[in-house]
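A look at the structure
What follows is the residue order along each chain.
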Amino acid sequence: MQLSPMIRSYATRLALLGPVFVLLLVWLLTAYRAGGYEAHNWLPLALLVAFAGFVVAALRAYQQPPSRPVLVVLGLFFFYVLWMALSTFWAIGPALAWEEAARAGLYLVFFALAVTYVGRSGGASGCRVILPLAALVIVALASARIGAGSTLGTDFFLARRFAFPITYPNGAGSFYLLLVWPLLWMAADARGHLWARAVCLGSVPVLIQLGLLTQSRGAAVALACSAVIYFVLTPARLRSLVFLAVPAILVALSFTPLTSYYAEGAGTVPRTVALLWLAGSWIVVAVAGALLGLAERRVTIARPVRVAVSLVVVVALLGGAVFGVFALQDRVGDLSTWGTGIVDRFVSDEGSDESGGIGESRFGDMGGNGRWRLWATAWYGFQESPFIGNGAGSYPYLNELRRVTHATNARQAHSIELDALNETGIVGLVFLLGTFGMALGVALAPRFRSWWELLRRRRALFLAPEDAGGHHSVGTADQAWVIALMAAFLFWFIQASVDWTWHFPGVTLGTLLLLAFALSASAPNTAAAKRPPRSRRLSGLLFRVGLGVASLAVLVGAAMPYLSMQYQNIALAKMSRDTHAALADSSTALSLFPVSAEPLLVRSDVYRAAATNAIGIAEPVERAYQVASGLALSLVAAERAIERDEASGLVHQIAGRATLDLLAAHDPSIFHDKRTERWDGLAEVSPATDPAALEHSVRTLAATDSEAEAANQILALTSEGLVARATAHLRASQERNPTEPSVIRLLEALED
């Protein structure tokens, strides 16, 4: 009988943590689906999150909405997503704009659910269970992946850089380092359980070491910048510094062995080196964390000592910066000359070859990997349409148009700000930065209020919030917790400013979850009861309607491309054995996502497969008719795909290739290459000898009468007409993608 209150307490706590645990699970599932970058990886999870959001809004499955400041953050985010969705009407590529808006909508609904349920789970107390568990899962899966084979394989090392699970090394670096500051403070926070503090501290060096294996310079710089922000803002500098000391020592000792995978080659260094360092560091630091937790129960540090040490830490940071400047000057000589060389190297294409640099760590290379050109392309796009942008997802088109080498195959500008400027213009950037800026202001407001009170009372800024006097809803420990979370958020944002981590839900969803924890701790909805009932009802109604509308929009916006993809895959699977069923599936795919060219390109493949199947027909005339019908209809489908994605050089190229296939079947003496070998000899019997039979063959195969009519018109063309048509498509492709080598070769062959 005495256990029942305890059981009820744990059951209540579990019920409160349940939704947050589900959100954590969604984040990790997205991360381990190759980072969730490709649409087929994140669309199913978007449907799940949107459905949950719609149910929550419809049933009002929450006790109270977020606080007013958080509602403002959500409102700004909502308008950013809405602006992205509206950009579909003027976007260069409407299908990509649609998918980008759906992805941003996933972020919005996930964030709205997080701020709703995190506040009810107890904020920091909920994290004491959630984040250590996440850290253990991340460390365990990374260690298991490293130890999967007898040697480190290229399946999870990309150009000697650890890319698991995001499949992009810089994204993996951001994923591993995201939890460093929250875990550090949870280890240092005396309110936590001893075992949880040990787990958190043991995970800190391992996550940093995994970051070293990714060789991500952007993640390293962002971590260093966020460290400065953390120690400047936190009211618990001494405590954080003490708990950081042991992990820092282990990371420093492991730097050379772990960077050897890049310096010497991932396949030449045994996997046991990484595994021993990861496992050994976790054990040593976890034990050290437990000992520190036990020791602090017997040690009390007086306030003057805390103030003095905080002052020493700040002075040490400044002194270290000054010393570093002089040390750098001694090493490189004139700093202005050195700085100019760094800028020149960054602006140039140097450092873009990831396969080079054997014998050296990547962290010493200051090359920009072609980022300057990517940023210049985004800036060019912004200048073309500064106010409303070129539409979400427009960067790949601009990159193909302006790149100087075919190897620069970037799909984003590698900068969240420049991406927003190019794709959504000044309006979109204002909404995006307004969202983040407002979130920062809300989260850091208690800390700044404490500083203001200290200044008013002419007391040292290094004192704890309680020492400032007055009433403080957020005390020292909670402020330190919020600073740790915001340091993690700023780490992500700094790296996102020089990379494309925004587009990886496996990284961004985790960041939004941490931001929700920060906002719940900084702006709890404690003032709701003091507001007039009418005001409370209005806030609740706005939140409920906004969540419902956003969730429904994401549900529809994600379902259309996702279901279309499924039908496209079914059509491709059927096309070799059941042409008409495959065509029906491609038609369904097109009706589900009519703004996309992909269903029509799939239909083009289905028709070409029908022509390939017809090669096996023994009767020559019938074979010629069937092949000609399939190839002509394939060209019709490709040309109709151009109508939906006119700016794509690839779609024009596909149409050009389809024209050349038909030309080779009609007269291989005019054009012939390896791809068209299958059609050789089929022109010996001209389909024009019986136009009625040919027209019947086309209409029998075609999915629609309009396609059949267009195909018959194409079959009426002469060889010269087909050459002109192919040349027109290929030149249109070259105009949109001037560096594509296959198009250049085809045009040269036609000219010869």
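The structure displayed is predicted, hence computed values, not measured ones. In every chain, residue numbers begin from 1 and rise along the written sequence. Local features are withheld for residues below a pLDDT of 70 in this predicted model, meaning they are given only at 70 or higher, and side-chain atom pairs are given and counted only at 80 or more; totals for whole chains, interfaces and linings count all residues. In computing side-chain values, all of the structure's heavy atoms are included and hydrogens and water are not.

**Brief notes about the overall build of the protein chain**
Scanning the protein chain from terminus to terminus reveals 27 helices and two strands. Only protein chains enter the accessibility calculation, which uses a 1.4 Å probe; a residue whose area is less than 20% of its type maximum is buried, one above 50% is exposed, and one in between is partly exposed. Within the protein chain, the proportion of its 752 residues that are buried is 53%. Should any heavy atoms of two residues lie within 4.5 Å, those residues are considered in contact. When contacts within the protein chain are restricted to residue pairs at least 6 apart in sequence, those whose partners lie at least 24 apart make up 76%. A total accessible area of about 31,800 Å² is found for the protein chain, and carbon and sulfur atoms account for 65% of it. Note on conventions: DSSP H or I runs of at least 4 residues are helices, E runs of at least 2 residues are strands, and numbering of each starts at the N terminus. To measure how exposed things are, a 1.4 Å probe is used in the Shrake-Rupley method; for residues, cover is taken only from the protein chains shown.

**Some thoughts on the confidence of the model for the protein chain**
The predictor reports its confidence for every residue as pLDDT, a score running from 0 up to 100. Overall, the predicted model of the protein chain reaches an average pLDDT of 84, with 83% of residues at or above 70. Below pLDDT 50 for its whole length, residues 355-359 participates in nine contacts with residues either more than four positions away or in separate chains.

**A few points about helix α15 (residues 395-402)**
Along α15, six of the eight residues are buried, which leaves the element largely enclosed by surrounding structure. Of all the positions in α15, only Tyr395, Pro396, Tyr397, Leu398, Asn399 and Glu400 are classed as buried.

**Observations concerning a nonpolar patch on the surface**
Patch membership requires over 30% relative accessible area and the absence of a salt bridge. Like charges are linked within 9 Å, and nonpolar side chains (Val, Leu, Ile, Met, Phe, Trp, Tyr) within 5 Å. Should a side-chain nitrogen of Lys or Arg be within 4 Å of a carboxyl oxygen of Asp or Glu, the pair is scored as a salt bridge. A cluster of nonpolar side chains, namely Phe21, Val22, Leu25, Leu29, Leu133, Val137 and Leu141, defines an oily patch on the protein surface of about 540 Å² accessible area. Counting only elements with at least two residues in the nonpolar patch, the list comes to α1 (3-31) and α5 (124-146). Sort the elements by how many residues they give to the nonpolar patch and α1 lands first, with four residues. As for its placement among the helices and strands, Leu29 is situated in helix α1.

**Structural notes on the pattern of salt bridges**
Evaluation of the coordinates by the stated rule reveals 13 salt bridges. Across the pair Glu38 and Arg411 runs a salt bridge whose closest N-O atoms are separated by 3.2 Å. Separated by 373 residues along the polypeptide, Glu38 in the loop between α1 and α2 (39-59) and Arg411 in the loop between α15 and α16 (416-456) bring together distant segments of the chain. A salt bridge links Arg371 to Asp499; its shortest N-O distance comes to 2.9 Å.

**Details of the side chain of Ser596**
For Ser596, the position within the fold is in the loop between α20 (579-592) and α21 (598-614). The class of Ser596 is buried, set by a relative accessible area of 5%. For Ser596, the side chain forms a polar contact with the main-chain nitrogen of Glu598, separated by 3.1 Å. When near neighbours in sequence (up to four residues on either side) are disregarded, Ser596 contacts Ala95, Leu590 and Arg644. Pairs of N or O atoms within 3.5 Å make up the polar contacts considered here, provided that, within protein, one atom can donate a hydrogen while the other can accept it, and that residues adjacent in sequence are counted only when both atoms are side-chain atoms.

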